[in-house]
Amino acid sequence: LRHMNMNCIVIDDDALSRRVIEEFVSRTDFLELKYSFQNAVEAINVFQKNPEEIDLIFLDIEMPEMDGIDFLNTLKNLPQVIIVSSQEKYALEAFDYDVTDYLLKPVNYSRFYKAVLKAKNIFETRIKKDADEIFIKKNSALVRLKYEDILWVEALENYVIVNSFKEKFTIHFTMKSIESQLPSNYFKRVHRSYIINIHKIDRIEDNSIYIKTAEGTKAIPIGKAYKDRFMSDINLMGR
């Protein structure tokens with residue numbers, strides 16, 4: 001399962017100010033500098049080629065050719081933007097564009113860090129909301145697995161097996177840690193050794209849950225300690 005850094009770009013025609021922000025980015029472990037531009041026109045061309053690659057823009061307002069506000073006006077689906085400006089007077093206009101923060105030059109690191117922490121929180125909230133998949137290591141590759149393709153997760157001694165309709169993936173994770181990474185609107189713990197995708201239940205009989213696989217139907221036991229909670233969750237869902 002992945003931990004994600006934020007890819008960012010700096011757009012500022014003032015070389016000294018640009019270097020300061022680049023240096024601050026390099027000191028911040030969750031930020032990765034992808035590009036640095038001295039004008040907004042260059043940035044627009046790169047941004048339009050790969051918009052999903054950029055998570056955060058540090059943007060100066062007063063620049064020749066195209067200023068920061070023009071830049072904000074030109075782009076659709078902007079990522080998060082932190083304005084870095086020597087003038088306070090653009091702040092109101094900038095916040096109309098839903099910018100994450102507004103830094104006044106000269107910027108010190110503690111103020112910079114406060115702004116990027118805010119951006120990181122917004123970024124992580126969006127990712128959780130948008131996410132419908134996890135990445136699982138298979139051999140040396142990362143395999144993308146959508147939540148809806150996971151049928152159940154089964155614990156063995158010091159690893160877990162993630163079962164999809166046709167495949168199994170063995171990962172070195174504890175049940176507790178994988179349970180915390182999977183969304184509870186899909187997945188419920190039903191036993192010390194099993195987490196199931198509730199959307200994949202075929203039927204529930206006695207103390208077993210039946211889930212269809214490529215090989216037939218798999219019976220998964222419901223543990224005593226989990227039964228009441230699980231049944232009330234299922235009833236809440238109008239099943």
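Residues numbered from 1 in each chain as written. Predicted model: local features only at pLDDT ≥ 70, side-chain atom pairs only at ≥ 80, totals over all residues. Heavy atoms only, no water.

Participant: I'd like a rundown of the packing of aromatic side chains, residues and numbers included.
Facilitator: Across all of its chains, the model carries 11 aromatic pairs by this definition. Pairing Y35 with F37 gives two aromatic rings, centres 5.7 Å apart and planes at 25°, and the pair type is stacked. With a relative accessible area of 6%, F37 lands in the buried category. Their ring planes at 40° and their centres at 5.8 Å tell us that Y109 and Y113 sit as a pair that is tilted. One end of the pair is Y109 and the other is Y113, both in helix α5 (residues 109–130) and 4 residues apart, which spans about a single turn. Grouped by ring-pair contacts, the aromatic residues F24, F30, F58, Y109, F112 and Y113 constitute a single cluster. (Phe/Tyr/Trp six-rings, centres within 6.5 Å; stacked < 30°, edge-to-face > 60°. Buried < 20%, exposed > 50% of the residue type's maximum accessible area, 1.4 Å probe, protein only. Helix = DSSP H or I, 4+ residues; strand = E, 2+ residues; numbered from the N terminus.)

Participant: Explain the environment of Y97 residue by residue, including any values.
Facilitator: The residue Y97 is located in the loop between α4 (91–95) and β5 (101–104) in this model. In this structure the C-alpha to C-alpha distance between Y97 and I178, which are 81 residues apart in sequence, comes to 38 Å. A polar contact of 2.9 Å, which involves the side chain of Y97, links it to the side chain of N73. (Polar contact = N/O pair within 3.5 Å; in protein donor to acceptor, adjacent residues only side chain to side chain.)

Participant: Kindly report on the sheet that holds β5, identifying the contributing residues and their values.
Facilitator: Taken together, the 5 strands give an open sheet; going across it, the order is β2-β1-β3-β4-β5, and neighbouring strands pair in parallel fashion. With partners counted over all chains shown, the strands left at the sheet margins are β2 (31–37) and β5, one partner each. The sheet shows a mean angle of 20° between the axes of neighbouring strands, taken without regard to direction. Strand direction decides the pairing type here: strand β1 (residues 6–11) and β2, joined by 6 bridges, are parallel. Across the sheet, residue V10 finds its bridge partner in β2, namely S36. (Pairing = 2+ DSSP bridges. Axes fitted to C-alpha atoms, helices over the stretch in contact; angles between N-to-C directions.)

Participant: How would you summarise the sheet that holds strand β12 (residues 194–197) if you had to cite specific residues and measurements?
Facilitator: Reading across from one edge, β10-β9-β8-β12-β11 is the order of the 5 strands in this open sheet, with antiparallel pairing throughout. Two strands in the sheet have a free side with no partner beyond their single neighbour: β10 (168–171) and β11 (187–191). The mean inter-strand angle of the sheet, taken between neighbouring strand axes irrespective of direction, is 20°. In terms of strand pairing, β11 meets β12 through 4 bridges, oriented antiparallel. Note on β12: the bridge partner recorded for R189 is I195.

Participant: Which residues make up helix α2 (residues 40–49), and what values go with them?
Facilitator: Among the residues of α2, those classed as buried are A40, A43, I44 and F47. Along the axis of α2, the buried positions cluster into a sector of 105°, meaning they face one direction only. In this structure, the buried residues of α2 make contact with β1, β2, β3 (56–59) and α3 (68–74). Regarding α2, its N-cap is N39, as a side-chain oxygen of that residue lies 3.1 Å from the backbone nitrogen of V41 further along. (Arc of directions from axis to C-beta. Contact = heavy atoms within 4.5 Å.)

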